Amino acid sequence: AKEQVSSLQHFLAMAGFYCRVISIGSLLNVVPGVGDFSTESKDDDLVGYYTERMDAGDKLRGVQKSALAALAARELRRVRPELIREKIEDGSHRGLAFIFDSLMHPDEEKLLRSLYGSRFFLVSLYQDPKERERQLRLKPGFPASCRLRGCAPGSEAASSLVIDLMDRDAGRRAAVHRDARRVRR
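Residues numbered from 1 in each chain as written. Predicted model: local features only at pLDDT ≥ 70, side-chain atom pairs only at ≥ 80, totals over all residues. Heavy atoms only, no water.

Peer 1: Looking at this model, I keep getting lost on the packing of aromatic side chains. Mind explaining?
Peer 2: Taken as a whole and assessed by the stated rule, the structure comprises one aromatic pair. A ring pair is formed by tyrosine 49 and tyrosine 50, whose centres lie 5.6 Å apart and whose planes are at 75°; its orientation type is edge-to-face. In this structure, tyrosine 49 and tyrosine 50 share a single accessibility class: buried. The side chain of arginine 53 reaches across the aromatic face of phenylalanine 37, ending 4.0 Å from its centre. (Phe/Tyr/Trp six-rings, centres within 6.5 Å; stacked < 30°, edge-to-face > 60°. Buried < 20%, exposed > 50% of the residue type's maximum accessible area, 1.4 Å probe, protein only. Lys NZ or Arg CZ within 6 Å of the ring centre and 35° of its normal.)

Following this line, the structure appears as structure tokens:
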């Protein structure tokens, strides 16, 4: 999905917009009791890194389904005034665009739509599961994940690690993709 986000940023820049990506997962660190991660780097343990963040997101969504979108909106409000000064008032860009990476729940989309109205566009990206699996296996932290769990990177157990991670992620994304198709402009 990084390539697609980069392409979107490129096209927005061609249209005169300064683009900022707000990673939903990175916002988890600011929530006391939720963002206390033992795995700080994807390179140390890729599976552990993603699992901890999915668990934290689930914990917050258990309190309020749109909690992560609220964190994203708060981050946008925090950085927007400075970006306006730096990127708009100097005349270098005609506007700002924010990409929220990775919305997972329909209530998150609903909250953002209620806040931003017609200025909010939901773009849902899909990656072929075989390609996603291949890319996860190529990430530097994948061999470390395998070693920590007592399996070789090319083994069937390693395949299970990737498939389990993808299945967990796919369950979240399915609801957002389904709702994205229903959005009417």
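Now, onward.
Peer 1: Is there a simple way to explain the packing of helix α2 (residues 46-63) against helix α3 (residues 67-88) in this structure?
Peer 2: Packed helix pairs are specified by the crossing angle of their axes together with the interaxial distance, meaning the distance between the axes. For the pair α2 and α3, interaxial distance at closest approach is 8 Å and the crossing angle is 100°. Relative to α3, the element α2 lies roughly perpendicular. Mapping the contact onto sequence places Gly57, Leu60 and Arg61 in α2 and Ala67, Leu68 and Leu71 in α3. Residue composition of the contact of α2 with α3, grouped by class: four nonpolar, one polar and one charged. (Axes fitted to C-alpha atoms, helices over the stretch in contact; angles between N-to-C directions. Helix = DSSP H or I, 4+ residues; strand = E, 2+ residues; numbered from the N terminus. Parallel < 35°, antiparallel > 145°, perpendicular 65-115°, else oblique. Contact = heavy atoms within 4.5 Å. Nonpolar A, V, L, I, M, F, W, Y, C, P; charged D, E, K, R; others polar.)

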